[in-house]
Amino acid sequence: MELTVPHNCFVNSNSSSSSSQLIKSRFLLVPTPNQIKHPLINQRNRFSSMESQGGTICSASALKDHGSPITSDSPVDTVKDRIGSVKRVTNETNVAVELNLDGVGKPDSSTGIPFLDHMLDQLASHGLFDVHVKATGDIHIDDHHTNEDVALAIGTALLSALGDRKGINRFGDFTAPLDEALIHVSLDLSGRPHLGYDLQIPTERVGTYDTQLVEHFFQSLVNTSGMTLHIRQLAGKNSHHIIEATFKAFARALRQATEYDPRRRGTVPSSKGVLSRS
């Protein structure tokens, strides 16, 4: 693999044309103590032998932005992005969702419900998912149908993006604080839909958003994704903080569950050998 040599690389060469090799050369990554402690980095850090005429020794600081070494056979480079796209059209709503589980946290949501857009931005940012949602609906009546159908579409997109679920962690667990609020979320991408919900939101609305719709959002997402999801409020008095901490904790737990386990080596994380929606 050819690339420009980083400034902190040492080039060892017996060739007189060493100046050209300073521009482009093959490289060998040397593990740092931090990599030795972390098997995920070790697995991605493949070593190639130095060429007989010379080679480049680089520290493990020659990494991509997401922290994996720049190698031609890195799992991150060879695995295609897991993307689910869904269009849902009814007499009440028109919803289009694209969800990239291997994204960079890019949000792009327009549902006509400002607070819901804000929560979907939390899902993208803290899950490192690319979440694109475009929705129109009968919000002149209320937000119920749009809130529900957006969640149904996101759950379906998640189901599609996960595929056969080979190699994923499957389980996710995270507790998120937001000022006085503290929310715990635990989930299992089991294929079996179940929601355990225990939030005590003190007000009926945040802005124009009906706070009863929070539970309905997660119930709808659980139903189509086949997820077991438990949400518990450990502390909190401010309605906005409680709901936002919930979406942040959910995003981080889902990120854990959808990421790959390097020790699993592409097998399904189930003693049954299969994880399905049915």
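All of these numbers come straight from a predicted model, not from anything done at the bench.

Rules behind the numbers
Position numbers for residues count from 1 along each chain, tracking the sequence in the order it is written. Residues qualify for local features only when their pLDDT is at least 70, as the model is predicted, and side-chain atom pairs are given and counted only at 80 or more; totals for whole chains, interfaces and linings, by contrast, use all residues. Excluding hydrogens and water, the side-chain figures rest on all heavy atoms present in the structure. For two strands to be treated as a pair, DSSP must find no fewer than two bridges joining them. Runs of E in the DSSP output that reach at least two residues are strands. Runs of H or I that reach at least four are helices, and both are numbered from the N terminus. A fitted line through C-alpha atoms serves as each axis, taken over the contacting stretch for helices, and the angle formed by two N-to-C directions is quoted from 0 to 180°. Throughout, a residue-residue contact means that at least one pair of heavy atoms, one from each residue, lies within 4.5 Å. Take the buried Ala, Val, Leu, Ile, Met, Phe, Trp, Tyr and Cys residues and link them wherever side-chain atoms come within 4.5 Å; each set so joined is a nonpolar core. Using a 1.4 Å probe on the protein chains alone, a residue whose accessible area is under 20% of its type maximum counts as buried, one over 50% counts as exposed, and one in between counts as partly exposed. Multiplying 1.5 Å by the residue count of a helix minus one yields the expected span of that helix. Note on definitions: salt bridges are taken to be side-chain nitrogens of Lys or Arg within 4 Å of carboxyl oxygens of Asp or Glu. Residue-level confidence of the predictor is summarised by pLDDT, bounded by 0 at the bottom and 100 at the top. Pairing of aromatic side chains requires ring centres within 6.5 Å, counting the rings of Phe and Tyr and the six-membered ring of Trp. Pairs whose planes differ by under 30 degrees are stacked, by over 60 edge-to-face, and all others tilted.

*Asks:* How should the sheet that holds strand E7 (residues 93-100) be read in this particular structure?
*Replies:* Across a sheet, strands are paired by hydrogen bonds formed along the backbone, either parallel or antiparallel in direction. Read from one edge to the other, the open sheet built from four strands follows the order E6-E7-E9-E8, with strand pairing classed as mixed. Only two strands of the sheet have a single neighbouring strand rather than two, namely strand E6 (83-89) and strand E8 (107-110). The mean inter-strand angle of the sheet, taken between neighbouring strand axes irrespective of direction, is 5°. Here E8 pairs with strand E9 (residues 130-137) via four bridges, running parallel. Across the sheet, Pro107 pairs through a bridge with Val131, a residue of E9. Lying on the sheet, helix H5 (residues 114-127) is in contact with E8 and E9; it crosses E8 at an angle near 160°. Packing against the sheet, helix H6 (residues 144-162) makes contact with E6, E7 and E9, and its axis sits at approximately 35° to E7.

*Asks:* Would you explain the nonpolar core in this entry?
*Replies:* Grouped burial of nonpolar side chains is what soluble globular proteins tend to show. Of all hydrophobic cores here, the largest spans 57 residues; its most connected members are Leu187, Phe217, Leu229 and Phe250. At 10 residues, the largest contribution of residues to this core is made by helix H8 (residues 239-258). If we ignore the near neighbours within four places in the chain, the residues touching Phe217 are Leu116, Leu120, Asn147, Val150, Ala151, Ile154 and Phe247.

*Asks:* Explain H5 here, please?
*Replies:* For an α-helix the count is 3.6 residues per turn, leaving residues at separations of three or four pointing the same way. A rise of 1.5 Å per residue sets the reference length of H5, with its 14 residues, at 20 Å; its end C-alpha atoms lie 20 Å apart and thus fit the reference within 8%. Looking one or two places after H5, you find Leu128, whose phi comes out positive at around 55°.

*Asks:* Would you explain the pattern of salt bridges in this entry?
*Replies:* Side-chain pairs of opposite charge can arise where the charged atoms are in close proximity. Using the criterion set out here, one finds six salt bridges in the structure. Close ionic contact of Asp149 with Arg88 constitutes a salt bridge, the shortest N to O distance being 3.4 Å. Placement of Asp149 in helix H6 and of Arg88 in strand E6 is noted, with a sequence separation of 61 residues between them. Residue Arg88 is classed as partly exposed on the basis of its relative accessible area, which comes to 31%. Note that Lys248 is salt-bridged to Glu244, the shortest N-O span being 3.1 Å.

*Asks:* What exactly am I supposed to notice about helix H7 (residues 213-225) here?
*Replies:* Its 13 residues place the ends of H7 18 Å apart at the C-alpha level, agreeing with the 18 Å of an ideal helix rising 1.5 Å per residue. Turning to H7, its buried residues are Leu213, Val214, Phe217, Phe218, Ser220, Leu221, Val222, Thr224 and Ser225. As for H7, its buried residues are in contact with H5, H6, strand E12 (194-198), strand E14 (209-210), strand E15 (228-235) and H8. Remark: Gly226 follows H7 within two positions and exhibits a positive phi of approximately 70°.

*Asks:* In this structure, what is going on with the sheet that holds strand E11 (residues 181-188)? I would like to understand it.
*Replies:* Read across the sheet, four strands follow the order E10-E11-E15-E12 without closing on themselves; strand pairing throughout is mixed. A single partner strand is all that each edge strand has here, and the edge strands are strand E10 (171-178) and E12. When strand polarity is set aside, the average angle formed by the axes of neighbouring strands in this sheet is 10°. Contacting E12 and E15, H7 runs over the sheet at an angle of about 160° to E12.

*Asks:* Help me out: how do you make sense of the confidence of the model for the protein chain in this one?
*Replies:* A residue-level look at the protein chain finds 68% of positions with pLDDT of 70 or above and a mean pLDDT of 79. Note on residues 1-78: pLDDT is under 50 here. Beyond four places in sequence and across chains, it has 111 contacts.

*Asks:* Explanation requested: the pairing of E10 in the structure shown.
*Replies:* Within a regular beta strand, the side chains point alternately toward one face of the sheet and then the other, so they alternate between its two faces. In this structure, E10 lies alongside E11, joined through eight bridges in antiparallel fashion. Residue pairing in the sheet places Phe171 in a bridge with Asp188 of E11.

*Asks:* Honestly, the packing of aromatic side chains in this entry has me stumped. Any pointers?
*Replies:* The geometry of an aromatic ring pair is captured by the separation of the ring centres together with the interplanar angle, meaning the angle of the planes. Taken as a whole, this structure holds five aromatic pairs when the rule is applied. Summarising the aromatic geometry, the rings of Phe217 and Phe247 are spaced 5.4 Å apart at their centres and angled 50° between planes, so their arrangement reads as tilted. You can see Phe217 sitting in helix H7 and its partner Phe247 sitting in helix H8, a full 30 residues away along the chain. Taking relative accessible area as the criterion, Phe247 reaches 2% and is therefore assigned buried. Their ring planes at 70° and their centres at 5.2 Å tell us that Phe218 and Phe250 sit as a pair that is edge-to-face. Separated by 32 residues along the polypeptide, Phe218 in helix H7 and Phe250 in helix H8 bring together distant segments of the chain. The buried category is assigned to Phe250, whose relative accessible area is 2%. Through pairs of rings, three or more aromatic residues link up here, namely Phe217, Phe218, Phe247 and Phe250.

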